[in-house]
Structures are given as structure tokens and as C-alpha cells.
Amino acid sequence: MILVTGGAGYIGSHTCIELDNEGLDFVVFDNLCNSSKESLKRVSQIIGKDVKFIEGDIRNETDLQKIFDLYDIDSVIHFAGLKAVGESIEKPLAYYDNNVIGTIKLCEVMAQNNCKKIVFSSSATVYGDPHTTPITEDFPLSTTNPYGRTKLFIEDILKDLFTSDHEWKVILLRYFNPIGAHKSGLIGEDPNGIPNNLMPYISQTAVGKLEQLSVFGDDYDTHDGTGVRDYIHVVDLAEGHVKAIEKIDSLENVLTVNLGTGKGYSVLDIVKAFEKVSEKKIPYKITARRNGDIAKCFADPSYAKSVLGWEAKRSIDEMCEDSWRWQSKNPNGYKNN
């Protein structure tokens with residue numbers, strides 16, 4: 001049985017579906033601070049059976065032990081964490097407490113129950129402001145905000161854990177920029193308040209919830225002056241986690257893998273692609289750069305293909321189409337349910 005922490009969230013809920021598609025059994029653990037029980041009801045609808053779910057906090061040892069008492073947990077996919085860059089700058093202690101302390105507690109309880117396999121949800125933010133692109137896994141690591149630092153600290157903690165005890169099997173998945181939604185339009189990204197990420201900002205503008213998109217900076221050294229990122233379909237990303245779980249038993253060392261497409265698209269490229277599939281005009285205004293933002297960030301995904309047999313398959317048009325289907329069917333996300 002696979003424990004999916006943060007499994008009610010955006011990437012976690014999509015991963016649950018892909019695990020089920022491969023016949024893998026899982027239980028979700030989530031404190032619902034950034035997510036909704038409704039997403040798990042929708043996952044149940046898609047997979048045609050109830051999702052095993054326990055509400056609890058990864059910082060609470062009693063909550064965690066409850067899962068290990070109830071289920072025979074063999075491995076963990078660890079998504080649970082706070083994830084907004086801007087908020088992390090305003091509330092660094094909340095991020096260190098939730099993300100770092102929470103992971104330490106999780107690993108302690110895993111060790112007590114002799115469960116030593118973990119796939120960790122890391123991020124391309126650990127590369128800081130890369131000198132060149134595309135980014136390979138051996139690039140120097142640094143971060144520009146507390147959110148990114150929590151990811152880097154956790155990577156180091158998991159590496160130290162492996163060094164101390166080679167029974168641990170650890171995969172660090174460094175995501176680039178997930179967008180899109182499940183084809184059904186039943187689940188997707190549902191951020192609290194004003195979205196931090198580009199795609200929900202665009203789709204909420206298209207649906208009339210927001211007046212216009214703010215584009216943070218148009219003077220970067222890119223083809224149109226706006227920031228370039230590696231956008232990856234959330235279902236491709238979810239499939240990467242399934243490949244990681246299938247690989248984990250054969251590991252002899254900590255495995256670090258980029259999950260991206262290898263293509264960079266600017267903010268305005270995404271706006272144009274979204275306008276094309278939704279047939280909606282997206283009004284936008286150029287505003288000042290945000291602290292901690294960088295000009296370009298996209299992956300070299302070749303290592304993922306060689307070690308996991310995984311590559312992203314879905315196009316930017318498909319990412320935009322699926323995002324629009326989700327948002328237009330659910331203008332208020334999971335709320336009103």
C-alpha cells in the first residue's frame with residue numbers, strides 16, 4: 001500500500017488516478033489546509049471506487065501512526081507541503097514548520113514502522129537562477145525564497161538519511177511548472193484566493209472571476225520580455241510518480257530526476273495558446289517584476305527518460321484545453337459543492 005501525503009491537492013489527486021490506473025493501492029493523508037475533500041470525491045467518481053482517506057497533519061506523530069496501524073504501508077509519495085513562493089517570503093516560519101519539520105516527523109514514523117521508501121515532491125526552484133538552460137540534474141543548487149529553501153533542505157535531509165542507513169530508498173522529483181487538468185474536467189487546480197500560478201490566473205480571468213491577468217515584468221532577456229518556464233501537463237507529471245514508485249525497489253543510491261518537457265514557453269506564449277483553445281480574449285497588464293522571479297527556467301528531461309522510462313507527452317495546446325475545460329465546468333473550483 002502506498003501512502004500519498006497531500007493526496008487531496010492538485011498534483012496528489014491526479015497522481016492517485018494514475019496509481020489506480022496501474023492497479024496500485026493507496027491511502028491519502030491530508031490536513032485539507034490547501035485542498036478540498038471534494039477533490040477526493042471526484043477522484044472516486046473517476047476511478048469508480050472509494051478513496052481511502054485519513055485527515056491529519058504530517059507534523060502530528062499520532063495522526064501519522066494511525067495510518068501505519070490501519071494499513072500495511074510499503075512506500076510513501078510525499079506531496080504534503082505549503083507551496084506559494086510569495087507567501088513563503090511573508091511567512092517563512094510557517095513554511096519551515098510545515099514543510100521541513102513535517103517531513104522529519106514523517107520520516108521518523110516511517111522508520112519506526114520499517115517503511116523506508118519515499119518519493120519526494122521537490123521543485124526546479126532548487127536551481128535558483130540558472131546561468132544557462134536547459135537545466136540538468138547536476139546543476140549547482142541555490143534558492144531565491146523560503147519555499148525553495150524548504151525543498152532544498154528536505155532533499156539534503158533525505159540524502160543524509162540514506163547516508164546513515166542504506167536501507168532507505170529515496171527518489172527526489174524536481175518538477176518544473178505543472179498546468180492542465182484531468183480530461184474529465186472533474187479535477188484540476190483550485191488555489192485559495194488570488195492565484196499564485198499563471199494558469200489558474202489566466203483561466204479565472206477567462207471565466208470572468210478576475211478582471212485581468214497581471215504579467216510580472218516584460219523586460220527579461222527572453223524572446224518577448226516575459227518570463228519563460230517549462231510547463232508540464234499535470235497528468236504527465238502524475239505518470240512520472242508512478243514510474244518512480246515502480247523503479248524505487250531497484251535503487252542503490254538516492255535518485256534525483258527532473259520532470260519537465262524540455263521546452264520553454266513565455267507568459268505571453270501561454271496567453272496566446274489559451275486564447276486559441278478557449279476562444280476568449282485574456283486582458284492583461286504589465287506590472288513590476290516579482291521578487292525571486294527569474295528570466296528562464298526549463299529542463300533537460302533526458303535523464304528521466306533513461307532512468308525512469310518516462311517522458312512528457314502532452315502538448316501546450318492540450319494543457320490549455322484541459323485547464324479551460326476544468327475552469328469552465330467549475331468556475332469556483334471545488335467550492336459550492
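Before any of the text, the structure's been laid out above.
Below is a summary of the structure that appears in this document. Worth saying up front: this structure is predicted, and the values here are computed from it rather than measured.

**Quick notes on the overall build of the protein chain**
Argument step 1. Within the protein chain one finds eleven helices and 14 strands.
Argument step 2. On C-alpha atoms alone, the protein chain measures out to a radius of gyration of 19 Å, which is about the 20 Å that the 2.2 N^0.38 rule sets for 337 residues.
Argument step 3. Taken along the three principal axes of its C-alpha coordinates, the protein chain extends 55 × 45 × 40 Å.
Argument step 4. Of all 337 residues assigned to the protein chain, the portion counted as buried reaches 55%.
Argument step 5. Taking all contacts inside the protein chain whose residues are at least 6 apart in sequence as the whole, residues at least 24 apart take part in 80%.
Argument step 6. Total accessible area on the protein chain is roughly 14,200 Å²; 47% of this is exposed by carbon and sulfur atoms.
Argument step 7. Computing the positive centroid from 37 side-chain charges and the negative centroid from 49, the protein chain places the two 4 Å apart.

**Describing the sheet that holds strand S2 (residues 26–30)**
Argument step 1. Taken together, the seven strands give an open sheet; going across it, the order is S3-S2-S1-S4-S5-S6-S11, and neighbouring strands pair in parallel fashion. A single partner strand is all that each edge strand has here, and the edge strands are strand S3 (52–55) and strand S11 (255–259). In this sheet, adjacent strand axes meet at a mean angle of 20 degrees when their direction is disregarded.
Argument step 2. With four bridges connecting them, S2 and S3 associate as parallel partners. Paired with Phe-29 across the bridge in S3 is Ile-54.
Argument step 3. The sheet strands contacting helix H3 (residues 61–70) are strand S1 (2–5), S2 and S3, and the helix crosses S2 at an angle near 165 degrees.

**Quick look at H3**
Argument step 1. Residues of H3 that are buried: Leu-64, Ile-67 and Phe-68. Seen end-on, H3 carries its buried residues on one side only, within an arc spanning 95 degrees. Within H3, the exposed residues directed more than 90 degrees away from the buried face are Thr-62, Asp-69 and Leu-70.
Argument step 2. Here the buried face of H3 lies against S1, S2, S3 and helix H5 (92–112).

**Here's the deal with the pattern of salt bridges**
Argument step 1. What the rule picks out here adds up to 25 salt bridges.
Argument step 2. Its salt-bridge partner being Glu-239, residue Arg-314 comes within 3.3 Å of it at the nearest N-O pair. Taken together, the residues Arg-314 in the loop between helix H10 (302–308) and helix H11 (316–329) and Glu-239 in helix H8 (residues 234–247) connect sequence positions 75 residues apart.
Argument step 3. A network of salt bridges, in which partner residues are shared, links Lys-183, Glu-318, Asp-322 and Arg-325.

**Some details on empty space enclosed by the protein**
Argument step 1. A full pass over the atoms with the stated rule returns one cavity of 30 Å³ or more.
Argument step 2. Within this model, the largest cavity holds a volume of roughly 60 Å³.
Argument step 3. As for the largest cavity, its lining consists of Tyr-10, Ile-179, Gly-180, Glu-189, Met-199, Pro-200, Ser-203, Ser-323, Trp-326 and Gln-327.
Argument step 4. If you list the elements that add at least two residues to the lining of the largest cavity, you get helix H7 (198–206) and H11.
Argument step 5. Partitioned by chemical class, the residues of the lining of the largest cavity number five nonpolar, four polar and one charged.

**Focus on the packing of H3 against H5**
Argument step 1. Here H3 crosses H5 at 40 degrees, and the two axes come no closer than 10 Å. With respect to their mutual orientation, H3 and H5 come out oblique. Every pair of crossing elements has a handedness; the one defined by H3 and H5 is right-handed. Across the interface between the two elements, Glu-61, Leu-64, Gln-65 and Phe-68 from H3 touch Lys-105, Leu-106, Val-109, Met-110 and Gln-112 from H5.

Definitions and cut-offs
- Residues numbered from 1 in each chain as written.
- Predicted model: local features only at pLDDT ≥ 70, side-chain atom pairs only at ≥ 80, totals over all residues.
- Heavy atoms only, no water.
- Helix = DSSP H or I, 4+ residues; strand = E, 2+ residues; numbered from the N terminus.
- Rg over C-alpha atoms; globule rule 2.2 N^0.38 Å.
- Buried < 20%, exposed > 50% of the residue type's maximum accessible area, 1.4 Å probe, protein only.
- Contact = heavy atoms within 4.5 Å.
- Areas by Shrake-Rupley, 256 points an atom, 1.4 Å probe, with all protein chains shown as cover.
- Lys, Arg positive; Asp, Glu negative; His and termini not counted.
- Charge placed at Lys NZ, Arg CZ, Asp CG, Glu CD.
- Pairing = 2+ DSSP bridges.
- Axes fitted to C-alpha atoms, helices over the stretch in contact; angles between N-to-C directions.
- Arc of directions from axis to C-beta.
- Salt bridge = Lys/Arg side-chain N within 4 Å of Asp/Glu carboxyl O.
- 1 Å grid on protein atoms, 1.4 Å probe; cavity = no way out; pocket = protein on both sides within 12 Å on 5 of 7 lines; lining within 4 Å.
- Points joined across faces, edges and corners; volume = space filled by probe spheres on them.
- Nonpolar A, V, L, I, M, F, W, Y, C, P; charged D, E, K, R; others polar.
- Parallel < 35°, antiparallel > 145°, perpendicular 65-115°, else oblique.
- Left-handed = near helix turned anticlockwise from the far one by under 90°.

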